[in-house]
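Observations on the three-dimensional arrangement
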Amino acid sequence: MSRTVATLAVAALLVTAGCTGFFGGDGGEGTVEMYVSDQPGAIEDFQHLNVTITEIAAHPANATENESWVTRDVDNRTVDLTRLRGENASLVGNLSVPADTYEMVFVRIDGIDATLTSGESADVKLPSERLHLNSEFTVEANETVSFVYDIRVHETGSGRYILRPNAGESGPNQPINHVRQQHRRGQHNGSGGMGGGGMNDGGTTSGSGTTTTTA
């Protein structure tokens, strides 16, 4: 399987997400380890492609379209998608959610910092403020599920690029090579690595799927 994990992925020291919204039944809570990854696409054009994620939400399958989503803050997590190729992934949030079956997930991206291999800045856009993905998964009470949200960068022509979710490489039970990234927005060091002083998402996650760890 080919994908970049920015799998947009955080795990010995996990980021505990804050709660900004709530919907669900009364059957207890489970945990979703939310990873971000990158299907290669045009990623070879980039020296670095940093995206900052501020919020993740999931929609229960038994809810109507107008009912509330389960929404969680992830504290402006920034990941470099160029480090997340193949099964590489970075954990962006360890999310406590109501036990339920979910059918849709969105990721809100608040910033993109991209540099091409030529050293020039790149124009990378989003189809909207939030990337929507249709992917059904179930979280049982007191269970941990690892979910990969795969993102692909497409070249649209004239030096422009767009980010889109990739359903074929997203979902639970995906193999994950966990990549640690220490980064807050604005701390890129210009070499494709992460600047100091950020948050450490180190460690190996548990739950569904196969996870290994890379520094």
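Residues numbered from 1 in each chain as written. Predicted model: local features only at pLDDT ≥ 70, side-chain atom pairs only at ≥ 80, totals over all residues. Heavy atoms only, no water.

With that out of the way, let us pick up the pattern of salt bridges. Considering all chains together, one arrives at four salt bridges under this definition. Glu-55 is the partner of Arg-108 in a salt bridge, and the nearest nitrogen-oxygen pair spans 3.1 Å. Of the two residues, Arg-108 is situated in strand 6 (residues 100–116) and Glu-55 in strand 3 (residues 46–60); the sequence distance between them amounts to 53 residues. Asp-123 is the partner of Lys-125 in a salt bridge, and the nearest nitrogen-oxygen pair spans 3.4 Å. Owing to a relative accessible area of 49%, Lys-125 belongs among the partly exposed residues under this scheme. For Asp-123, a relative accessible area of 28% puts it in the partly exposed group. Several salt bridges share partner residues, and in doing so they unite Asp-123, Lys-125 and Arg-160 into one network. (Salt bridge = Lys/Arg side-chain N within 4 Å of Asp/Glu carboxyl O. Helix = DSSP H or I, 4+ residues; strand = E, 2+ residues; numbered from the N terminus. Buried < 20%, exposed > 50% of the residue type's maximum accessible area, 1.4 Å probe, protein only.)

The buried fraction of strand 5 (residues 88–98) is high, at 10 of 11 residues. In this structure, strand 5 lies alongside strand 12 (residues 176–179), joined through two bridges in parallel fashion. Residue pairing across strands places Asn-88 opposite Asn-177, the latter belonging to strand 12. (Pairing = 2+ DSSP bridges.)

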